[in-house]
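Descriptive structure summary
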Amino acid sequence: MAAWSVDDIPDQSGRTAVVTGANSGIGLVTARELARRGARVVLACRNEARASEAGDRIVSEVPGADVGFVRLDLGDLASVGEFAVTYGRLYGERLDLLVNNAGVMALPRGRTGDGFETQFGVNHLGHFALTGLLLPALLGARRARIVTVSSMLHALPGTGVDDLGRERPRYGRWTAYARSKAANLLFTHELARRLAAAGSDVVAAAAHPGYAATNLQTAGPRLAGRKGAERIMEIGNRVLGQSPRAGALPTLYAATAPGVRPDSFTGPSFAMWRGAPAESWRARRTRDDAAAERLWEESERLTGVAYGALKA
């Protein structure tokens, strides 16, 4: 992977990609670079106005880019279901690449419209439901990929499977975020196992951006009205963070590079922080078969989405 860059992305002509949270940050970069290499890209975003601006920006930078939009609110399971129906109506029964990129970070305690803790509900359960509903289209493509974006913070203490999604009297916003990112890796592990058992050539892999300077870091403090913390995050982004373009490289590698292994975890090469894509360290518990199966079963129960084509 040494010095792998966007110039190494293989031709994506004839492939259709869905990128969640593609209106800003690494999602926008991911969508733009896939379009630059010839993919038809569907921006799956909650805010139509911001998605439209992102689409216009992509087309201005990549003339002739094939970019579409379908509204998706990962915090609303009804919206996830509507997205899957609309995608099938507009784009047919095949999907070559799903990038589960959207997420929220370190928000104040809250709940989704379906009653789930916000970070677990958006970062994990929303993507679990989306992937399950789009699975027939992914299975209908040749060598499709599912890339789920996790975080190097997945290994923080208190993120074991028995803690996933559980409400506590005292809410730790960073612990809740890390818990949702550990769930992303457990989901990828179990999805890869089930795909292999079904004899499918779909590759489920994970990636993380290291420390990429995006609006995720400042959203939580801003919502909580913590001006000082928001300012600290802004300074940290400028001093320590790498650009969204650099942060998107691990995702793009996992999505397009030849030879990507199922259940692999790609991140920046320098201390998981920044640099060219490389195989990333991950906590051993994110490859625990029993824990992953428990999370899967609970996720099916909570979302009502069953992966009928993939049995345990």
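With that settled, the discussion passes to the overall build of the chain. When helices and strands are counted, the chain shows 10 helices and 8 strands. Burial analysis of the chain (312 residues in total) assigns 55% to the buried set. For the chain, contacts bridging at least 24 residues in sequence account for 76% of all contacts bridging at least 6. In the structure as shown, the chain presents an accessible area of about 13200 Å², 51% of it carried by carbon and sulfur atoms.

With that settled, the discussion passes to unusual backbone geometry. Positive phi values are uncommon outside glycine, yet Arg 143 reaches one of about 55°. For Arg 143, the position within the fold is in the loop between helix H4 (118-139) and strand S5 (145-149). The class of Arg 143 is partly exposed, set by a relative accessible area of 48%. Phi is positive for Asp 263, which is not a glycine, with a value near 65°.

Right, let's talk about the nonpolar core for a bit. Counting residues in hydrophobic clusters, the biggest one holds 44 residues, and the most contacted among them are Phe 83, Leu 134, Leu 191 and Tyr 307. Of all the secondary-structure elements, those providing two or more residues to this core are strand S2 (40-45), helix H3 (77-91), H4, helix H5 (173-197) and helix H10 (289-303). Not counting residues up to four positions away in its chain, the partners in contact with Phe 83 are Val 18, Val 42, Ala 44, Val 70, Arg 71, Leu 72, Leu 130 and Leu 134. In this structure, Ile 58, Ala 65, Val 147 and Ala 257 belong to the second largest nonpolar core, which totals 36 residues.

Taken as a whole, this structure holds 11 salt bridges when the rule is applied. A salt bridge links Glu 61 to Arg 32; its shortest N-O distance comes to 3.2 Å. On the criterion of sequence distance, the pair formed by Glu 61 in helix H2 (residues 48-61) and Arg 32 in helix H1 (residues 25-36) is long-range, its members being 29 residues apart. You can call Glu 61 partly exposed: its relative accessible area is 33%. For Arg 32, a relative accessible area of 10% gives the class buried. Its salt-bridge partner being Glu 190, residue Arg 193 comes within 2.7 Å of it at the nearest N-O pair. On the criterion of helical spacing, the pair formed by Arg 193 and Glu 190 is a turn pair, its members being 3 residues apart in helix H5. Each member of the salt-bridge network shares a partner with another, and the members are Arg 32, Glu 33, Arg 36, Arg 57 and Glu 61.

The next subject is the confidence of the model for the chain. In this model, the chain carries an average pLDDT of 87, and 84% of its residues clear a pLDDT of 70 or more. The model gives residues 216-224 a pLDDT under 50, and that stretch makes 26 contacts with residues more than four places away or in other chains. Within the model, pLDDT remains below 50 along residues 226-240, and this stretch shows 22 contacts once partners closer than five positions in the same chain are excluded.

Between the first and last C-alpha of H1 there are 17 Å, a value that for 12 residues agrees with the 16 Å anticipated at 1.5 Å per step. Counting buried residues along H1, 10 of its 12 residues qualify, which places the element largely inside the surrounding structure. Residues of H1 that are buried: Ile 26, Gly 27, Leu 28, Val 29, Thr 30, Ala 31, Arg 32, Glu 33, Leu 34 and Ala 35. Trailing H1 by a residue or two, Gly 38 shows a phi angle of about 105°, which is positive.

On to H2. If you check H2, its first and last C-alpha atoms are 20 Å apart, about what 14 residues at 1.5 Å a residue would give, namely 20 Å. Residues of H2 that are buried include every one of Ala 51, Ala 54, Gly 55 and Ile 58, and no others. Seen along its axis, H2 keeps its buried residues to an arc of 100°; they face one direction. Turned more than 90 degrees away from the buried face of H2, the exposed residues are Glu 53, Asp 56 and Ser 60. Residues of H2 that are buried make contact with H1, S2 and strand S3 (66-71). Between the side-chain oxygen at the start of H2 and the backbone nitrogen of Ala 49 there is a gap of 3.0 Å, and the oxygen is on Asn 47.

Interhelical geometry of H4 versus H5 gives an angle of 20° and a closest axis separation of 8 Å. Viewed along their axes, H4 and H5 adopt a mutual orientation that is roughly parallel. The handedness of the crossing between H4 and H5 comes out as right-handed. Along the contact surface, H4 presents Gln 119, Phe 120, Asn 123, His 124, Phe 128, Thr 131 and Leu 139, while H5 presents Arg 173, Ala 176, Tyr 177, Ser 180, Lys 181, Ala 183, Asn 184, Phe 187, Leu 191 and Leu 195. Looking at side-chain class alone, the contact of H4 with H5 contains 9 nonpolar, 6 polar and 2 charged residues.

In this fold, Thr 188 is placed in helix H5. Only 3.0 Å separates the side chain of Thr 188 from the backbone oxygen of Asn 184, close enough to count as a polar contact. Those residues in contact with Thr 188 that lie beyond four places of it in its chain are Thr 148, Ala 204, Ala 205, Ala 206 and Asp 263.

Thresholds, definitions, all that
- Residues numbered from 1 in each chain as written.
- Predicted model: local features only at pLDDT ≥ 70, side-chain atom pairs only at ≥ 80, totals over all residues.
- Heavy atoms only, no water.
- Helix = DSSP H or I, 4+ residues; strand = E, 2+ residues; numbered from the N terminus.
- Buried < 20%, exposed > 50% of the residue type's maximum accessible area, 1.4 Å probe, protein only.
- Contact = heavy atoms within 4.5 Å.
- Areas by Shrake-Rupley, 256 points an atom, 1.4 Å probe, with all protein chains shown as cover.
- Core = buried A, V, L, I, M, F, W, Y, C linked by side-chain atoms within 4.5 Å.
- Salt bridge = Lys/Arg side-chain N within 4 Å of Asp/Glu carboxyl O.
- pLDDT = per-residue confidence, 0-100.
- Expected span 1.5 Å × (residues − 1).
- Arc of directions from axis to C-beta.
- Polar contact = N/O pair within 3.5 Å; in protein donor to acceptor, adjacent residues only side chain to side chain.
- Axes fitted to C-alpha atoms, helices over the stretch in contact; angles between N-to-C directions.
- Parallel < 35°, antiparallel > 145°, perpendicular 65-115°, else oblique.
- Left-handed = near helix turned anticlockwise from the far one by under 90°.
- Nonpolar A, V, L, I, M, F, W, Y, C, P; charged D, E, K, R; others polar.

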